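Letter by letter, the chains look like this.
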Amino acid sequence: MSSRTYRSALETVMVEALENVPSTAIIGQGVTDHKGIFGTTLGLHDRYPGRVIETPLAEDSIAGICIGMGLNGVYPINTHIRADFGLLAFNQLINLAAKYKYMFGGLFEVPLMMRMVVGRSWGQGAQHSQSLQSLLSHIPGLAVVMPATPQSVLASYRYAISEHKGPIVMLEHRLLYELEFDDDEASPSHPIFGSRLDRLGSDVTVVATSIMVLEARRAADYLADFGISVEIIDLHSTSHYDKEMILTSVEKTGKLLVADTSWTFYGVAAEINRVIAEKNPRLLSLPSVSVGMAPAPCPTAKSLEDLYYPDVRVLVNEVAKLHNESDGHSVPLPDSESMVDFYKHFRGPF
Amino acid sequence: MSSRTYRSALETVMVEALENVPSTAIIGQGVTDHKGIFGTTLGLHDRYPGRVIETPLAEDSIAGICIGMGLNGVYPINTHIRADFGLLAFNQLINLAAKYKYMFGGLFEVPLMMRMVVGRSWGQGAQHSQSLQSLLSHIPGLAVVMPATPQSVLASYRYAISEHKGPIVMLEHRLLYELEFDDDEASPSHPIFGSRLDRLGSDVTVVATSIMVLEARRAADYLADFGISVEIIDLHSTSHYDKEMILTSVEKTGKLLVADTSWTFYGVAAEINRVIAEKNPRLLSLPSVSVGMAPAPCPTAKSLEDLYYPDVRVLVNEVAKLHNESDGHSVPLPDSESMVDFYKHFRGPF
Amino acid sequence: MSNRDELIIRSLRVRMVEEKIIDLYPSDLIQSPVHLSIGQETVAVGVCAALDDRDMLFPNYRGHAFYLARKAPLKEFFAELMGRKTGISKGKAGSMHLAAPDYGVMGASAVVASTISHAVGAALAERIKGKSDRVFVAVFGDGATEQGAFFESLNFCSIHGLPVLFLCEDNSLAVHTSLDDRQSFSLERLSDAFGIVFFNEEAGFDPVAVFETTSAALRHLRGGSGPALLRVKTMRYREHVGPGEDFDAGYRAERTVTQWKKKDPLLGDLSRFTAEIALIRDEIDQAVEFAIGSDFPGIEELLTDVL
Amino acid sequence: MSNRDELIIRSLRVRMVEEKIIDLYPSDLIQSPVHLSIGQETVAVGVCAALDDRDMLFPNYRGHAFYLARKAPLKEFFAELMGRKTGISKGKAGSMHLAAPDYGVMGASAVVASTISHAVGAALAERIKGKSDRVFVAVFGDGATEQGAFFESLNFCSIHGLPVLFLCEDNSLAVHTSLDDRQSFSLERLSDAFGIVFFNEEAGFDPVAVFETTSAALRHLRGGSGPALLRVKTMRYREHVGPGEDFDAGYRAERTVTQWKKKDPLLGDLSRFTAEIALIRDEIDQAVEFAIGSDFPGIEELLTDVL
Ligand SMILES: Cc1ncc(C[n+]2csc(CCOP(=O)(O)OP(=O)(O)O)c2C)c(N)n1
Ligand SMILES: Cc1ncc(C[n+]2csc(CCOP(=O)(O)OP(=O)(O)O)c2C)c(N)n1
Ligand SMILES: [Mg+2]
Ligand SMILES: [Mg+2]
C-alpha cells in the first residue's frame, strides 16, 4: 500500500495550481527560499518565474495586495508560516475580503487563499501556536478549512483554487506535515466544504478538527479493544461544516465529545453544542465534553506544554467515562506518551 | 426620579479617571476635538494637558504604544469610534497584550483599556457595524465587557481603571449613548466582571448582551401582559460571565433564548449553549433559540438593515413560542417599530 | 468647448450632485453617512480626465467625485445612496462604498487606507497576466498616509516597479485634526526615500492644473519607470461627514476656506454655462426621480452574495 | 583593563554562552527555537555599555545578547531556556521571550517589529509621569523596518519628540531573504523624512565603535531633541534559527561572512584574557548545572498569571 505525507499533498496542490492555471500566484515570506514553506513551494520560483513572489515583512499590505490581485483576475495563495502572524492581516481579511462580494451587491468577487500554519511543540510558546479558526469562522463571507489528511488537502485545495470564488483560509497543522498517511484513504467523494465521516461507530460521537482527528483515531483504536465504538467526524470546514452529519450521529449515540486545536470557549465545541441545542438538546443523554487547549496562552516549557494540550489519554478517559455514563470506568489509560512524542517526526529548531 | 444617559456615565468615568489618577491618559483619534468621542472626552484636553492625546491614523502602533505606557506605569484608555477599526490592533491586543503576563511568568502586567464603539443604523454598513466580542472573548488573557446601562458603565469602568491590572476591552453600543436610564437602577452590588440578573422571571430565560438587554426588557414588558414571565440575564462580561447564574436560571425555566449583538455562530449563543451542554443538556426542556445578526455582512440600505437586526417582534415571537412549547402561540406581535425608530435619538450623519 | 471649460463643467456636475444631496438630506431619503467632496471636485475631475478608460481606480469613502468623474451612471448613484434595489450595488453599499467596475471604479472602503494595497495588488496581477500599459490609481486622503499599510504599499510597489499612481487628496484634515498634529514627515522626502517620483500640485482648485500634473505623472508611469506619488492640495468646504458646515467648531479658520474659494472656478462667473447647467439639472432631477421611484431591496436580498 | 578589552570580554561572554547552547542543543535539554546572536554580540554589548541602568530596552526574539549585555542573571537564563521553574519567567517564556525588568530588559516578542511601539509608549508614559532623562531603546532587525508598525512608530515618536533610540541590528537578512528583495527605501533618507537624526555604524564588529556611536546618539537623546535612529551593520554567523551553519543553502555567500570574521575581535588573539575566559567558563558551567538541577514547572503553574 502506498502512502504519502501531508506535506507532499500540499506540495502537489501548489505545483498543480501553478501548472494548471497561469493566473495563479504564490506570495509570502520565504516562498522562494530553500526551505520553501516547509517544503511545499520548493523550486517553484525557478519553474514559474514571476508567479512565486517573495515579500517584505508586511502582512497587512500583502493581504491587501492579494485582494487587489484577486480583483484583477489572478488567484493569490498567500502563506503565513504561523497563523499568529495572520492577525496582522485581520483588517484586510475581515473588513475587506470577507465583505466585498456582499457589500457591493455582487459587483466583485475576491478569490484568494490564505495558508496559515498552526504551530505546536518544540517551545513554540504563546505567539507561535495559535489556531484561529473560531475567530475567522465567526465572520460571514470567509470560508475556513482545517484539512486533517493529505486527501483532505488534495480535495479541498483543488476545489478552492479552481472553483471557489471567495476568500478561503486554510489552517494547516505543523505536526501533520511529515506524517505518512495511507493512500487508499482517498475517497472520491471527499467533501470540499462540509465535514467527513472519518469512522463509523455506535457508542460515542467525537467531533474533531485537524490533528485532533488523528488523536481521536488513536483513542478509538485503543477503545475498540475494550468494546467501545467511537464515531469520528472530521469537522474539516469549521465555517461550513455538515450540520446534519453531526445531528444524525449524536441522535444515534447520545454522547458527544468535541476535540479542537484551540480554546473551548467561543470555539468549535461551543459552536457544535449550539447546533445541537437549537435542534434538540435532548439528543444528548449526557453532558457533552469539550477538549481543547488549556485556558491560558501557550507556555514554552515542555513540561507545561504537555499538560497544555489534550492528548490521547484525555480522549480515552473522557470517552470511556461517557460510555460508562459515570465519572469512573474500567478502561486502563494508555501510556502517557504525548502526541509530540508519538509523532516522532517533529523536532526543532523550528 | 432622576435619570442619566449612557453617554454621561461614560463621560463621568473618563473625567474621574483623569481627575483621580494622575497616571491615567486617554489616547485616540478625535479625543481632543469638539465632538470628543460622542461627547465622552469633551474639554478634557484642556483640563488635563498632556494626558489627552490625539493620534495619527495608526491603530496598530497606538495599541502598542498603549502597551508600552501600561508597562511603564501609565494607564492608557484607547478609543476606537468603531470597533471595526480595532481589527487593525488585533496583533497587539491578541499576540502581545493578552499574553504578556503569562508569557513572562508574571514579570509584567499590562493594564490598559480599549473602548470600542459598536455602530448600528443610519447606513453604517458592513465596515462600521461589527461587534467583536466573540473574537476577543476566545482569547485567554483578555477581559471583555459590554455594558448595557449607565450603572454598568460606572461600576465596571471604575473597577477596571483602578483595580484591574490587565488589558480590558469595553464594547460600547452607539445606540445606547443618548438613552436615558433611571438613576435608581444603580445597585451597589453591580458586578464588575460576571453577569447581572436584570429581571427575575419564571417562564423563559433570556441571556442578552449590550443593547439586546434593552430589547429583552421591551419584550418582557410586553409579554408580561400576556402572563409570560421572562427572566433576563445581562451577560455583561462576555469573557468572564457568571456561569452559575445562567445554569440556575435555565434549571428553573428550562427554556433559553440568547440575544446577542453579533452573529450567532461561534458567538455568544454558542458559548452559552456549550456551558449548559457541558453541565447538563437536559436542563433545557426545549430547543434553545439564538438571536443575532443575519448571517451576512451588514447591508447599508435601511430596508435590509431592518431585516438584518433582530428586534422586539422577533424576541416576543420566539419567547412566546418557547413558552407555548410549540411553533405557534396566541400572543399578537407588537407593532413593527424597529429598535432604531423606537430609540428615536439616533439619526445621522454619523 | 475648451478643455478648461469642459473640466469645469464636469466639476460643476459633481458639485451640483452633491448640492442636491445636501438638499435631500433633511428629508431622510438618504439614510447613511455622506462624506462630501465639495471643494475637492476638481481633483477627481482633473485626474480622471487624464486617465484612460482601461485604467483602474481605487477610491475611498469620500468617493462621489471619483465615481462621477469616471462617468459611472448617475441614476444608479442616487438609487444607491437612497438604499434602493436599483442602486449600483442594490443599496447594499451606500455612499461610503461606491463602485462601478465597468467604469474602472473599484470598491471603496470606509476603513482608511485599506484600498491602497489593492491598487498595488491589481498592478501586480496585471504584470502576471502579461504586459499592458494600464495604470492603477490608489486614492486616499492625507490622513491615510499615516497608516502603516501606506508605507508597506510604497515599499512593495517600488521594489516591483509597478505602475501605480498614489494619489493623495490633501485637504490637510483628518476629521478635525490638522496635519501638524498627525505628521512629522514630509511626503516628498518620504516618497524620495522609497525611490518614488513625487509630483505636487498646489492648485487643486484648478482642474487643468490637476489634469496636467496628472498627465505628467502618467507619462512617467506608462514609461515603465515604476510608481509615482501625486499630492494635490485641496480644500474640504463642508464638515467631515454630513451635509453641513462647521466653521463654528473652531478646528480650522473659516478664512482659510474663504481664501481658497476665491480661486474656485466653480464659484466664478458661470454665465457661459447656462445651457450645460440646465442639462445637468435635468439629469440630476431625473436620477433623483428614478431613485425615489425605485423599490427597496427586500428579504430576497438579505442573504445573497455572502460567500 | 582598557574599555576596549572590557567590551571584548563582555562580548566574549555572550559568545561563550551561545556556544554552550550549541553544545547543549543536540541533547534536547533546550527544546525551543533559538535565534543566536553569534557574530552580532558586539552590537548588544556596545549599545548596552553606553546606556544607564535606568534606561529601558525592548528587545526581540533574537535577544540572548541584549539580556546578557544588560547583566541579567545567567542561571535564570539557562533555566529559562531549558524550561525550568527557576527560569527568569518560570520556563514559560523560553529563548524567544527573554525579559528582566530589574535590569531594564523589557519583554521580547517573537512577532517581528511588535515591540518597537512599546518603546515609544514607555517614553510617552515617562513624560506623563514627569520629566526624567531616561532613554528608551527599541531593538529590531533590518526586516522589522518593513512593517507598517515601524513607520507609524517613527511618526508618532517624532511628533512628540520622545527620547527613543531606534536601534536597527542590520544583518541584511530576514530569515533567508536579502535586503534588496525586501526594501526599496534607504533607512537614512527615511529617518530624514521623519525629521529623525540618523546615526550609522558600519563597524558593528567593533564594540568600541558601537559604544561610541551609541554614546553620540544618546547625547542627542538626553539633550531632549527627540528620537534618533541608529543602524549598526552586523553579521549573523549561524542559520536564522537553530544552532547550525547553513552556507550550503546558497542564500548568501560564505565569503561575506569569512571576510567579516577577519575583523571580529572575538576571533583574534585572546591570550591576554585567559583568566577571564576561565572565570566565564566556570560561571557558565555553574549556570548550566543550576538549570539542569532545577525542577520543571508543573500543573500548579499551568493556569497562573493568565488574567
Ligand atoms: C482605520 C480607520 N481609522 C479611523 C477611521 C475613522 N475616520 C474616518 S475618515 C477619517 C479621516 C481620514 O482623513 P483623510 O485620510 O485625510 O481623508 P479625508 O476624510 O480628509 O478625505 C477617520 C479618522 C476609519 N474610517 N478607519
Ligand atoms: C510578523 C511576523 N512575520 C513573520 C515572522 C517570521 N520571522 C521570524 S524572524 C523573521 C525575520 C526578521 O528579520 P530581521 O528583522 O532582520 O531580524 P533578524 O532575524 O535578522 O535578526 C521572520 C520573517 C514573524 N516572527 N513575525
Ligand atoms: Mg484629509
Ligand atoms: Mg535581519
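## Describing the coordination of the magnesium ion (ligand 3)
Residue and element names in this part refer to chain C. Around the magnesium ion (ligand 3), the protein contributes the donor atoms D142 (OD), N171 (OD1) and L173 (O), at 2.0 to 2.1 Å from the metal centre. Expressed as a motif, the donor residue spacing for the magnesium ion (ligand 3) is D-x28-N-x1-L. Here D142 is found in the loop between β2 (136-141) and α6 (148-160), whereas its partner L173 is found in strand β4 (residues 173-174), with 31 residues between them in sequence. Each member of the pair, D142 as well as L173, is classed as buried.

## Looking at the relation of the copies chain A and chain B
Once chain A has been moved 0.0 Å along the axis and rotated by 180 degrees, it coincides with chain B to within an RMSD of 0.0 Å. Such values leave the two copies arranged in the relation of a two-fold axis. Most of the interface of chain A is mirrored in chain B, where 100% of its interface residues again form contacts.

## Describing the environment of P297(B)
Along the chain, the position of P297(B) falls in the loop between β13 (289-293) and α12 (302-308). Distance from P297(B) to E231(B), taken between C-alpha atoms, is 31 Å for residues 66 residues apart in sequence.

## Focus: the pattern of salt bridges
Enumeration over the complete set of coordinates arrives at 76 salt bridges over all chains. Note that R7(B) is salt-bridged to E11(B), the shortest N-O span being 3.1 Å. Of this pair, R7(B) and E11(B) both sit in helix α1 (residues 6-20), four residues apart, which is roughly one turn of that helix. As a salt-bridge pair, D52(D) and R54(D) come within 2.6 Å of each other at their nearest N and O atoms. Since its relative accessible area comes to 29%, D52(D) is described here as partly exposed.

## Points about the packing of helix α1 (residues 3-24) of chain C against helix α2 (residues 41-50) of chain C
All names here are of chain C. In contact at an axis separation of 9 Å, α1 and α2 are set at 130 degrees when each is read in the N-to-C sense. One element, α1, and the other, α2, form an angle in the oblique class. For the element pair α1 and α2, the recorded crossing hand is right-handed. Contacts from L7, R10, S11, V14 and R15 in α1 reach E41, T42, V45 and A49 in α2. Grouping the constituent residues of the contact of α1 with α2 by class yields four nonpolar, two polar and three charged.

## Concerning the coordination of the magnesium ion (ligand 4)
All names here are of chain D. The protein atoms that coordinate the magnesium ion (ligand 4) are D142 (OD), N171 (OD1) and L173 (O), at distances spanning 2.0 to 2.1 Å. Expressed as a motif, the donor residue spacing for the magnesium ion (ligand 4) is D-x28-N-x1-L. Taken together, the residues span a long stretch of sequence, with D142 in the loop between β2 (136-141) and α6 (148-160) and N171 in the loop between β3 (164-170) and β4 (173-174) at a distance of 29 residues. Given a relative accessible area of 7%, N171 falls into the buried group.

## Details of the site of ligand 1
Neighbouring ligand 1 are 20 residues; E59(B), R62(C), A110(C), D142(C) and G143(C) lie closest to it. More than a single chain frames ligand 1: its nearby residues are located in chains B and C. The separation between a nitrogen atom of ligand 1 and a polar side-chain atom of E59(B) is 2.6 Å. Here an oxygen atom of ligand 1 and a backbone polar atom of A144(C) are 3.0 Å apart. Burial of ligand 1 by the protein chains amounts to 96% of its free accessible area of 580 Å².

## Here's the deal with the site of ligand 2
Ligand 2 sits among 20 residues. The nearest are E59(A), R62(D), A110(D), D142(D) and G143(D). Near ligand 2, the surrounding residues belong to chains A and D. At 2.9 Å, a side-chain N or O of N171(D) approaches an oxygen atom of ligand 2. Expressed as a share of its isolated accessible area of 580 Å², the protein-covered part of ligand 2 is 96%. Taken together, the residues that form the shell around ligand 2 break down as 11 nonpolar, six polar and three charged.

What counts and how
Residues numbered from 1 in each chain as written. Chains lettered and ligands numbered in written order. Predicted model: local features only at pLDDT ≥ 70, side-chain atom pairs only at ≥ 80, totals over all residues. Heavy atoms only, no water. Donors = N, O, S within 2.8 Å, 3.2 Å for Na, K, Ca; no water. Helix = DSSP H or I, 4+ residues; strand = E, 2+ residues; numbered from the N terminus. Buried < 20%, exposed > 50% of the residue type's maximum accessible area, 1.4 Å probe, protein only. Least-squares fit on C-alpha atoms with pLDDT ≥ 70 in both. Contact = heavy atoms within 4.5 Å. Salt bridge = Lys/Arg side-chain N within 4 Å of Asp/Glu carboxyl O. Axes fitted to C-alpha atoms, helices over the stretch in contact; angles between N-to-C directions. Parallel < 35°, antiparallel > 145°, perpendicular 65-115°, else oblique. Left-handed = near helix turned anticlockwise from the far one by under 90°. Nonpolar A, V, L, I, M, F, W, Y, C, P; charged D, E, K, R; others polar. Near = heavy atom within 4 Å. Polar contact = N/O pair within 3.5 Å; in protein donor to acceptor, adjacent residues only side chain to side chain. Areas by Shrake-Rupley, 256 points an atom, 1.4 Å probe, with all protein chains shown as cover.

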